[in-house]
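Working through the structure, step by step
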Amino acid sequence: MSLKIKQIDWSRDREQLLDIARSAFRDIASDERDLLTQLERGFGFIAFNNSQPTGYIIAIPLEKAPYRGCAEDESTGRLDTAYIESLAVKEGSSPATLLGLTRKLGNEFESKGYRRMTMHVESDSKLHKALINLGAKQLEDFDNWMGWGRTFSYLEMPLDEQPDK
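Let me begin by describing the structure that accompanies this report. Just so we're clear, the structure is a prediction, and the values are computed from it rather than from any experiment.

Details of the layout of surface pockets
Of the volumes computed, that of the largest pocket is approximately 1,200 Å³. Around the largest pocket sit 43 residues that line it, and A24, F25, L87, A88 and L127 are the ones nearest its centre. Secondary-structure elements contributing two or more residues to the lining of the largest pocket are α1 (10-25), α2 (32-41), β4 (81-89), α3 (95-111), β5 (116-122) and α4 (126-133). Looking at the lining of the largest pocket element by element, the count peaks at 7 residues for β4. Taken together, the residues of the lining of the largest pocket break down into 22 nonpolar, 10 polar and 11 charged. Forming the walls of the second largest pocket are G69, E72, D73, E74, S75, R78, R116, K137, L139, E140, Y154 and E156. Within the residue set of the lining of the second largest pocket, elements represented by two or more residues are β6 (137-142) and β7 (152-158). Split into classes, the residues belonging to the lining of the second largest pocket amount to 2 nonpolar, 2 polar and 8 charged.

Right, dumping it as structure tokens:
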């Protein structure tokens, strides 16, 4: 496997991002407008395995996150937390894609002075379990997240406690 991770360039990566989102989220996938808005508020990375797009991650400062749990987060206002607005890995992708994306983003965050990442992830999903295995801590659960009829967990991942740091 040859995993390469690049900073997202909307004009170059737009179609690949949409394809990854549809593969990962199906009926609740972000559309073009959502992904562009997320990137305009923050930044992200896209992963390629042997030149095939396999995943992406987009983050914003916690203070810009308009979701339940973010305003109540005790770190709001400290400017030390990045919120993962979107994390998608194509179905069937290697766990190395997720690990590579979180490490790359973690390194980028640390260089900008962030100490932790937070995100909302569908409870009991494969992604939720993988993130918990990578050291994420579950802070809270939200029923009927975004009106989707699904429960999402608010997770925290301290950057200084990631594996291989």
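So, the pattern of salt bridges
Counted under the stated rule, the structure contains 10 salt bridges. We note a salt bridge from E108 to K112, for which the minimum N-O separation is 3.7 Å. Under the relative-accessibility criterion, K112 is labelled partly exposed at 48%. When the shortest N-O distance is used, the salt bridge between R150 and E122 registers 3.9 Å. Placement of R150 in the loop between β6 and β7 and of E122 in strand β5 is noted, with a sequence separation of 28 residues between them. By relative accessible area, which is 25% here, R150 ends up partly exposed. Bridged by salt links that share partners, the residues R14, E15 and E32 form one connected network.

A closer look at the environment of V121
Along the chain, the position of V121 falls in strand β5. In this structure the C-alpha to C-alpha distance between V121 and S2, which are 119 residues apart in sequence, comes to 27 Å. Among all residues touching V121, those that are not within four sequence positions of it are L127, H128, L131, F152, S153 and L155.

Some details on a negative patch on the surface
A contiguous patch of negative charge, built from E72, D124, E140, D141 and D143, is present on the exposed surface. Inspection of the secondary structure assignment puts E72 in the loop between β3 (52-61) and β4.

Things to note about α1
Compared with the 22 Å implied by 1.5 Å per residue over 16 residues, the 20 Å span of α1 between its first and last C-alpha is markedly short. The largest bend in α1 amounts to roughly 30° and is located at Q16. Looking only at α1, the buried set comprises W10, D13, L17, L18, I20 and A21. Packed against the buried residues of α1 are β1 (3-7), α2, β2 (43-49), β3 and β4. Looking one or two places after α1, you find R26, whose phi comes out positive at around 50°.

Quick notes on the nonpolar core
Note on soluble globular proteins: their nonpolar side chains tend to be buried together. If you look at the biggest cluster of nonpolar residues, it comprises 22 residues, and the most contacted ones within it are I57, I84, L87, L105, F109, M117 and L131. Sort the elements by how many residues they give to this core and α3 lands first, with 4 residues. Residues I8, L17, I46 and Y56 belong to the second largest nonpolar core, which totals 13 residues.

Definitions and limits used
- Residues numbered from 1 in each chain as written.
- Predicted model: local features only at pLDDT ≥ 70, side-chain atom pairs only at ≥ 80, totals over all residues.
- Heavy atoms only, no water.
- 1 Å grid on protein atoms, 1.4 Å probe; cavity = no way out; pocket = protein on both sides within 12 Å on 5 of 7 lines; lining within 4 Å.
- Points joined across faces, edges and corners; volume = space filled by probe spheres on them.
- Helix = DSSP H or I, 4+ residues; strand = E, 2+ residues; numbered from the N terminus.
- Nonpolar A, V, L, I, M, F, W, Y, C, P; charged D, E, K, R; others polar.
- Salt bridge = Lys/Arg side-chain N within 4 Å of Asp/Glu carboxyl O.
- Buried < 20%, exposed > 50% of the residue type's maximum accessible area, 1.4 Å probe, protein only.
- Contact = heavy atoms within 4.5 Å.
- Patch = residues over 30% accessible without salt bridge, like charges linked within 9 Å, V, L, I, M, F, W, Y side chains within 5 Å.
- Areas by Shrake-Rupley, 256 points an atom, 1.4 Å probe, with all protein chains shown as cover.
- Lys, Arg positive; Asp, Glu negative; His and termini not counted.
- Charge placed at Lys NZ, Arg CZ, Asp CG, Glu CD.
- Expected span 1.5 Å × (residues − 1).
- Bend = angle between axes of the 7 residues up to and from the residue.
- Core = buried A, V, L, I, M, F, W, Y, C linked by side-chain atoms within 4.5 Å.

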